[in-house]
Structures are given as C-alpha cells and as structure tokens.
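Per-entry structural report
Chain by chain, the residues:
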Amino acid sequence: MNTEAWDRIAATSPLPPIPTTVAFGADLPADDDLRLCGDVTGKRVLDLGCGAGENAVVLAGRGAHVIAVDASAGRLAAARRLADAAEVRVEWHQCDASDLAFLRADSIDLALATGLIGEVDDLDRLLRQVHRVLRPGAPFVFSFDHPVALCLGRDEVAPGALPLGARELRRSWFDGSPCEIARDGERIRVIPRTIAAVFASLHRAGYRTELLLEPEPVRTEDPGPALPSAVVWRARKEGI
C-alpha cells in the first residue's frame, strides 16, 4: 500500500479502542509487564514514529507532556482523532524522525520508538539526534523486528488460513539489504540489523545499553516452535 492510500484510510477509518498501556508490538508483552518506561508523570516524552498515536495517548493519559513525531499526515490525523476521543493533549509534529531541530538539547526525559528502527536508513543519524535532545542519563526505549524473524519465512497462505508450511531460511543472517514484511495489513520496507550492529551504533552515539529483551510472543497464529519476533532495548544517554 502506498503512502497516499494509507493516509486516506488512516484519516477516515473507525477509531480503535482507546489503549491503556504502552505497546512494543502486536504480539509482544506490553509495558505494564516489561516496565521499561517508568513513571512518566510530569515528564517530557518523545514518541518517534508515533503512527496512529496509541502510545502517545497512553503516555499523555499518565501525565506526560508528549511530543509525537510521524512522517505521515494520515497517521497523524488518525492520532489526533484518538487523542480527542481520549481527551488528552499531545504535541504533534509531521517530520522525519531524524529531523529533531525543533527540540532543544537536553530537553527530553524519555524517548520511545516502537518498530521504527528497522524503517530508518541512517540509524547512526537518528541515534545522534535522539541523544542530543535527551537529558543526561535519560532513557531511549525502542523495539524493532528481530533479525532471526527476518531471516526465516514460509510460503504465503490465503487470508484466514493457518501458516502450516515449514519455516525455511530465506536470507543470510548477515544480509543487510532491505526486505518487505507484512505489518498491520500493509507491506513495510525494513532494513535487517543484527543485535551486534545496533549495540555498536548505540555505543558510537554515546549510549549505555541498560537492558535488552527478546520477549516470547504472547499472541500468535503460527503453530510452529516459538521464535522471538522483536528485540526491545533500553539505553541511556551518556556523554555530552
């Protein structure tokens, strides 16, 4: 689905239920279980790649001043509708997640990005921009598609049918070329990155990796052995 079509659908589709917890992915434990974001009351929180605004609305409802960023006008329109329904205030910005010049240095208490990292071409630039706006010691919590999930695949099945074919190794673990995955009913271009590569990028940008999780999926239609679908990180700003 192209961006223009998604924008039209997002702006006019029925509102989803108002969320109650920060989510890291459709099949992952939520933050009420993982407890990575902490108490956000009175804090300035940056939600990067906010999509339809679910996490931004939850954080605002918990007392945070939320600055939410997305490149899609349609997604932001849907997010504003959700915030209005939840009766919370969020500061919305339509821009690339790496273009954070509108924010002062050392002004953000928590940065959050769910699913965005895999869609970013220049990860080092994004990490430098987030590092600049975080207060010293503040955390960056993010999730992205697990590299093992991107290496394995099976033949596609008809909608509603169970994926019964055997998983096969479709890509090299070391192949960093972009690939397409299905997410929320659309095809998304993502860049596979190993855990070691992301760790190295964080170190170069001045972060200390505090926690790395590979949560067991909590909801899946896949009948095969359970595999991690995402990696969830919490890293803290160090340096200046």
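Up top is the structure.
A few points on the structure.

The next subject is the nonpolar core. Of all hydrophobic cores here, the largest spans 31 residues; its most connected members are Leu 46, Leu 48, Leu 126, Val 130, Phe 140, Phe 142 and Tyr 207. Mapped onto this core, the elements with two or more residues apiece are β1 (44-48), β2 (65-70), β4 (110-114), α5 (123-133), β5 (139-145), α7 (195-205) and β11 (230-237). Counting 28 residues, the second largest nonpolar core, distinct from the first, contains Val 40, Ala 64, Leu 76 and Val 90.

Here the focus is the packing of aromatic side chains. Applying the stated criterion to the full structure yields 5 aromatic pairs. When the ring of Phe 142 is compared with that of Phe 144, the centres are 6.4 Å apart and the planes differ by 20°; the resulting orientation is stacked. Here the aromatic rings of Phe 144 and Trp 233 are separated by 6.4 Å at their centres, their planes lie at 20°, and the arrangement is stacked. Of this pair, Phe 144 sits in strand β5 while Trp 233 sits in strand β11, placing them 89 residues apart in sequence. Judged on exposure class, the residue Phe 144 and its partner Trp 233 are both buried. Through a chain of ring-to-ring contacts, the aromatic side chains of Phe 140, Phe 142, Phe 144, Tyr 207 and Trp 233 assemble into a single cluster.

This paragraph deals with the sheet that holds β1. Strands sit in the order β3-β2-β1-β4-β5-β11-β10 across an open sheet of 7 strands; the sheet is mixed. What marks the edges here is a single partner per strand, and that holds for β3 (91-94) and β10 (207-213). Each strand of the sheet is rotated relative to its neighbour by a mean of 20°, with strand direction disregarded. One ladder, built from 6 bridges, connects β10 with β11; its direction is antiparallel. In the strand pairing of β11, Leu 211 is matched with Arg 234.

So, on to α7. Listed in full, the buried residues belonging to α7 are Val 198, Ser 201, Leu 202 and Ala 205. For α7, the arc enclosing every buried residue in end-on projection is 100°, short of the 170-degree limit, so these residues lie on one face. Away from its buried face by more than 90 degrees, α7 exposes Ala 196, His 203 and Arg 204. Tucked inside the fold, the buried residues of α7 contact α5, β5, β10 and β11. Note on α7: the residue one or two positions beyond its end, Gly 206, has a positive phi of about 95°.

Here we come to the pairing of β3. Relative to β3, β2 runs parallel, the two being bridged by 4 bridges. Each residue of the ladder has a partner; that of Ala 68, found in β3, is Trp 92. With helix α4 (residues 73-86) bridging β2 and its parallel neighbour β3, the resulting β-α-β unit is right-handed.

Reading the values: rules and limits
Residues numbered from 1 in each chain as written. Predicted model: local features only at pLDDT ≥ 70, side-chain atom pairs only at ≥ 80, totals over all residues. Heavy atoms only, no water. Core = buried A, V, L, I, M, F, W, Y, C linked by side-chain atoms within 4.5 Å. Buried < 20%, exposed > 50% of the residue type's maximum accessible area, 1.4 Å probe, protein only. Helix = DSSP H or I, 4+ residues; strand = E, 2+ residues; numbered from the N terminus. Phe/Tyr/Trp six-rings, centres within 6.5 Å; stacked < 30°, edge-to-face > 60°. Pairing = 2+ DSSP bridges. Axes fitted to C-alpha atoms, helices over the stretch in contact; angles between N-to-C directions. Arc of directions from axis to C-beta. Contact = heavy atoms within 4.5 Å. Right-handed = clockwise from strand over helix to strand, strands pointing away.

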